[in-house]
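Commentary on secondary and tertiary structure
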Amino acid sequence: MFVPHTEAERDEMLKTIGVEQIADLFTDIPANYRFPSLNIPAGLTEMEAAAELQELAQGNEPAGELISFLGAGAYHHYIPAAVNSIVSRGEFLTAYTPYQPEIAQGTLQAIFEYQSLIAALTGMDVSNASHYDGATAAAEAVVMAYHHFRGKRSKIVLSPGVHPHYRATIRTYMQGYADFSIAGDHEEGCDPLSGTESLAERIDANTSLVMVQYPDFFGRIYDFTELVKTAHAAGALVAVAVNPLSLALLKTPGDFGADIVVGEGQPLGIPLSFGGPYLGIFATKKEYVRRLAGRLVGETVDQDGRRAYVLTLTAREQHIRREKATSNICTNQGLIALTSLVYMSLLGKHGLRQVAELCYHKAHYAAEQINQIPGFSVCIDRPFFHEFVVCCPKPVAEINAALLDEGILGGYDLEQDYPALQNRMLVAVTELNSRHEIDVLVEALKEITHA
Amino acid sequence: MPEPTVFELSVAGRVGVRFPEPDVPCAELPAALLRDSLPMPELSELEVVRHFTHLSTLNYSIDKGFYPLGSCTMKYNPKINEDMAKLPGFADIHPLQPIETVQGALVLMYRLQEMLKEISGFSAVSLQPAAGAHGELTGVLIIRAYHHARNDCARTRIIIPDSAHGTNPASSAMSGFEVVNVRTDANGNVDLEALKLLCDDRLAGLMLTNPNTLGLFEQNILQVIEMVHAAGGLVYGDGANLNALLGAARPGDLGIDVMHFNLHKTFSTPHGGGGPGSGPVGVNESLAEYLPGPIVAVVEEGDDENAPLYGFVMPEHSIGRVKAFFGHFGMMVRAYTYILMNGGDGLRRIAEYAVLNANYLMARLKGVYNVPYTRRCMHEFVAEGCWKDVDIHALDIAKRLMDYDIHPPTNYFPLIVHEALMIEPTETEDKQTLDAFADVMLKIAQEARETPALLREAPHNAPTRRLDEVKAARDLVLCCWFPEQ
Amino acid sequence: MNIPVDLIYTQGDEWSKIEGDTATVGITDYAQEQLSDVVFVEFLVGVGDVVEKGQQIATVESVKAAAEVSAPVSGTVTAINEDLPQSPELVNKDSFGGAWMIRLQMSNEAETKALMDSDAYAQYVQERSH
């Protein structure tokens, strides 16, 4: 389909090579295995393929066509038109990793600006060029802390309020690390909604890292200053997994003294896209920069003394350090990091704060309304950002099925990940939810209890 | 003039996007938890558009010109892929929606899994890994899980040929294995004698890049796999170079046990300036239960009236999740579109013409540039970017190519070739483009002798001259100036 | 290529200067040239640590390569060169002098016998240049 050669050109090329037919180029493949027939239908034209894909797309109900209160780590936000227009440019889209800096300054400066904005947003000194997503960034933070102590501290304290997928990913990543253990999350029998005290109790001299989420998976906002002090007193590092959009409003992890900030960058202008590609945020303090996995862009000058940018500290990376590298990460989420940069640049200081506040106000309105429905209560005893836990009179799956009949995408059923949290729904509200939508949800929930 | 940064362009009080005022009563903000200030740029929409448009013009890209970057498979990225991934039915669905509301997406993922199985000869596929290196980590963890499930925990070593991809050793080390290198013989194959010495009961597996980074198909592939299997080890296939094998050979048929695919290389999803990639993993039957999940399956069989219901399942002894949600779905839409358009015959044609193009360029260049391994190459080949009679390095040739508006080949990799220039044209380039590249390469070889300074000082016409990488690493300026909080 | 005659050498391109039971250790001129511009030096041991022969004591990074520095002999670390992390370029400028890395009080002086003298090292460097 995308092979341009004419037959005459092909023959001419074969002649230059000195073979008669293309098949002669494949004789190193054992004959019995050469050119198997593939049971894949004949190729389609673009028009036919587009029709098939459109049909599949129509088999889905987009969040934008439903009234959505689903979050739990991926959020439905408004994405300004200019974002897509810029990141669709072929010069960004079809470039490779900027290994040849003289002809990749566009990508390099964009990553440099991304690093700068993430550092500013999180209150950290440095950010890398990004990881795959929030979960893998969290896992890399655990790996980083492990190597920081040269393997001598083999335990982490992990809050049950860290996204269940992140915690699962950490467990997978750490399978090959001898004697590694995790304390504190509910897989260890802890109360999923427990606060920072139960984490502090578990910090000891063998703890390399304490990881919390901010706002946590249940939407709650904690001031982690005391927890960080306790961790540091024991010599441990602290990583905070963030929703970056909330940081337009809230104190930064840097203000708490955190050592590492990871997070899911999806709320910064990235489409939901059924879970990916998203953006793994990873930032840290200056003193840990050489333990930071992944690409980094630094400022320098060219031979004429003009400011320019280049990938730097590459000697830490896998292609040079090989088996001694602390991470195997090679790519970053280049285009997605660019997308978040364009989004942050467009919204800027005022727009970001405005969106964060809209989320906050609408979520609090929704919480207040839901709390008044007989049988429902908002079970959260502290400040929250744009997500909150609702105690329901019935299993959440039942409620959500009924809501879906009304065109409403209900909140996340917490029982799926936390067996102790039966009948608990995690409701997310963003700037895209109008007051009317919230009122429709409230009416629907009232109906359900009557039914 | 260097482009100013977003902070340098910022003017206090400027607003790029406005949002509606709240339509609900404002709640009290938690004063003790608020940040003091938000050091973010303040720009108009037009300034943002111009800033990034200007930056984009400083990039080289496939859309702009020839990009023969070895092992990166810089093929054309069809535009239809982008349109399809942006359909609201794909771009605007939440990963945790009830499965009944996302059947289209699940069908797409299921069919893509099936197609990748058919293309590769594997029994099961997980689409979850986010990139090639992430797929490698996944694959090696699967190898670990397999041995541990059999209580065969003394297998602590992974063998990696010196012609393998650079990420392989780190992926193995991250999974807790000791890495043992095995050398390449004079024909560019794994040295069988050296391999034999390593095939013992400490062997967990071998990571084989095939075609290897010399662009050569492993001529003893069946023997290599047999030796590893006989010693109780498994063979990991680095699928980064699968473009050469589409419809030409199926790694699963050859006996490879586990392999990652690079949707961003073989299946035309754009590289995006360094990502996102997508690195699904395929395995043979005995490893299927260890795949990371969840993966898509039919959860309710259909009948004459009803379509089957697709949903997610976790393989029985899964290594677990390797990331949040289900993988880079947006990349899956693109890859699926690409496979649909090519069809079975089209896929074979891709491999055939990728290999034809590489061999053609090798034939045109090998008299002037030394090619240390001269047997038929697959999708790429490696030449030496230096000559005995002149003091010119691969780097100088690479930089000089920029002056002719051509992206340089991969240089200084693989390490086993002196001053390597690794050239992968891909199947989407026509003969005229290849000839123009070959002509420029021959001209540069001539310049190397006649006007070597021209190469050493290159590039002359690029957006910047050569950069001071030492300054970047010593000064470590990793953030631009931004206002104090 | 500078190869001082009063030093002894390892195959890992470390040099040692032996004074009584003290060994001062660094990396050779050949090693720094192979690495090119050094941008980072990190010590993996501190004063008072007991190190075994062959144990990694430092990491040296340039823009394109990384090297591990190993202890040529066993002993107790009595000093480390605090200037190096701040001025890694010293490794390129003065590899046998200002860029010394650590000082060890040797626990087994016999280990020095296994190291190369300058002639042997010069030949070893020569062999690898081909």
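The structure displayed is predicted, hence computed values, not measured ones.

1. A short note on the overall build of chain B
- Regarding its fold elements, chain B presents 15 helices and 12 strands.
- Over its C-alpha trace chain B gives a radius of gyration of 25 Å, about what one expects of a compact globule, namely 23 Å for 485 residues.
- By its C-alpha atoms, chain B is 75 × 65 × 45 Å across when sized along the principal axes.
- If you take every contact in chain B between residues at least 6 apart in sequence, the share linking residues at least 24 apart comes to 74%.

2. Some remarks on the overall build of chain A
- For chain A, the count of helices and strands is 14 helices and 15 strands.
- Principal axes of the C-alpha set define a box for chain A whose edges measure 80 × 55 × 50 Å.
- Across the 451 residues of chain A, 62% fall into the buried class.
- Considering only intrachain contacts with a sequence separation of at least 6, the fraction spanning at least 24 residues in chain A is 72%.

3. A word on the nonpolar core
- Of all hydrophobic cores here, the largest spans 346 residues; its most connected members are A:A138, A:A141, A:V210, A:M211, A:A239 and B:I142.
- Among the elements that take part in this core, helix α11 (residues 329–365) of chain B stands out by supplying 22 residues, more than any other.
- C:L7, C:I8, C:W15 and C:Y121 belong to the second-largest nonpolar core, a separate cluster that totals six residues.

4. Observations concerning the interface of chain A and chain B
- At the interface, 169 residues of chain A touch 172 residues of chain B.
- Looking at which element gives the most residues to the side of chain A that touches chain B, the answer is helix α12 (residues 334–371) of chain A, with 23 residues.

5. Describing the sheet that holds strand β3 (residues 22–27) of chain C
- With respect to topology, six strands assemble into an open sheet ordered β1-β2-β3-β9-β8-β5 (chain C), the strand pairing being antiparallel. The open sheet terminates on both sides in strands that have one partner only, identified here as β1 (8–9) and β5 (50–51) of chain C.

6. Some points on the sheet that holds strand β3 (residues 178–182) of chain B
Residue and element names in this part refer to chain B.
- The sheet built from seven strands is open, its strands ordered β1-β7-β6-β5-β4-β2-β3 with mixed pairing. Unpaired on one side and paired on the other, β1 (124–126) and β3 mark the two borders of the sheet. Averaged over all pairs of adjacent strands, the angle between their axes in this sheet comes to 25°, without regard to strand direction.
- Of the pairings in the sheet, the one linking β1 to strand β7 (residues 281–283) comprises three bridges and is antiparallel in character. Directly across from S126, in β7, lies its bridge partner V281.

7. Comments concerning the environment of A:A420
Residue and element names in this part refer to chain A.
- Within the fold, A420 resides in the loop between β14 (412–413) and β15 (424–428).
- A420 gets classed as partly exposed once you count the C-beta atoms within 10 Å, which come to 14.
- When the C-alpha positions of A420 and N332 are compared, they lie 37 Å apart, and in sequence the two are 88 residues distant.

8. Comments concerning the packing of helix α5 (residues 105–122) of chain A against helix α2 (residues 45–57) of chain B
- Viewed as axis vectors pointing N to C, α5(A) and α2(B) meet at an angle of 135°, and their least axial separation amounts to 6 Å. Considered as vectors, α5(A) and α2(B) are oriented oblique to each other. Judged by residue contacts, A:G106, A:Q109 and A:A110 of α5(A) engage B:L55, B:S56 and B:T57 from α2(B).
- Looking at the contact of α5(A) with α2(B) residue by residue, the class counts come to two nonpolar, four polar and no charged.

9. Some points on the environment of A:G280
All names here are of chain A.
- Relative to the helices and strands, G280 is located in strand β8 (residues 280–284).
- Spatially, the C-alpha atom of G280 lies 47 Å from that of E7, the residues being 273 residues apart in sequence.
- For G280, the contacting residues outside a window of four places in its chain are S130, H131, Y132, D133, G134, T136, A137 and Q333.

10. Observations concerning the packing of α12(A) against α2(B)
- Viewed as axis vectors pointing N to C, α12(A) and α2(B) meet at an angle of 150°, and their least axial separation amounts to 9 Å. Taken together, the axes of α12(A) and α2(B) are roughly antiparallel relative to one another. Judged by the sense of rotation from one axis to the other, the crossing of α12(A) with α2(B) is right-handed. Where α12(A) approaches α2(B), its residues A:V342, A:S345 and A:L346 are matched on the opposing element by B:E45, B:V48 and B:F52.
- Looking at the contact of α12(A) with α2(B), its residues break down into four nonpolar, one polar and one charged.

11. Quick notes on the environment of B:C480
- Positionally, B:C480 belongs in the segment after α15 (469–475).
- A residue is classified by how many C-beta atoms lie within 10 Å of it, and B:C480, with 21 of them, is buried.
- Note: C-alpha distance between B:C480 and B:F7 (473 residues apart in sequence) is 7.8 Å.
- Ignoring sequence-local partners within four residues, the contact set of B:C480 consists of A:F112, A:E113, A:S116, B:T5 and B:F7.

12. Details of the confidence of the model for chain B
- With 99% of its residues at a pLDDT of at least 70, chain B reaches an overall mean of 96.
- For this predicted complex, the interface score ipTM comes out at 0.97, while the overall pTM is 0.96.

13. Remarks on helix α5 (residues 103–120) of chain B
Residue and element names in this part refer to chain B.
- In this model, α5 (18 residues) spans 25 Å end to end at C-alpha, consistent with the 26 Å of a helix rising 1.5 Å per residue.
- Residues of α5 that are buried include every one of G104, A105, L106, L108, M109, L112, Q113, M115, L116, I119 and S120, and no others.
- Two residues or fewer after α5 comes G121, characterised by a positive phi angle close to 80°.

14. Overview of helix α6 (residues 132–149) of chain B
Residues and elements named next belong to chain B.
- With 18 residues, α6 should reach 26 Å at 1.5 Å per residue; the first-to-last C-alpha distance of 25 Å fits that figure.
- Of all 18 residues that make up α6, 15 are buried, and the element is covered over most of its length.
- After α6 finishes, the residue N151 shows a positive phi value of roughly 60°.

15. Here's the deal with unusual backbone geometry
- At the junction of B:G275 and B:P276, the peptide bond is cis and its omega measures out at 0° in the coordinates.
- Counting through the fold element by element, B:P276 comes out in the loop between β6 (258–261) and β7.
- Residue B:P414 follows B:F413 across a cis peptide bond; omega there is 0°.
- Note that B:P414 resides in the loop between β11 (410–411) and β12 (420–423).
- With phi around 50°, A:F35 is a residue other than glycine that occupies positive phi space.
- The phi torsion at B:E419 lies on the positive side, around 50°, for a residue other than glycine.
- Residue position: B:E419 is located in the loop between β11 and β12.

Cut-offs used in this document
Residues numbered from 1 in each chain as written. Chains lettered and ligands numbered in written order. Predicted model: local features only at pLDDT ≥ 70, side-chain atom pairs only at ≥ 80, totals over all residues. Helix = DSSP H or I, 4+ residues; strand = E, 2+ residues; numbered from the N terminus. Rg over C-alpha atoms; globule rule 2.2 N^0.38 Å. Contact = placed C-beta atoms within 7 Å. Buried ≥ 20, exposed ≤ 12 C-beta atoms within 10 Å, placed from the backbone. Core = buried A, V, L, I, M, F, W, Y, C linked by C-beta atoms within 7 Å. Pairing = 2+ DSSP bridges. Axes fitted to C-alpha atoms, helices over the stretch in contact; angles between N-to-C directions. Parallel < 35°, antiparallel > 145°, perpendicular 65-115°, else oblique. Nonpolar A, V, L, I, M, F, W, Y, C, P; charged D, E, K, R; others polar. Left-handed = near helix turned anticlockwise from the far one by under 90°. pLDDT = per-residue confidence, 0-100. Expected span 1.5 Å × (residues − 1).

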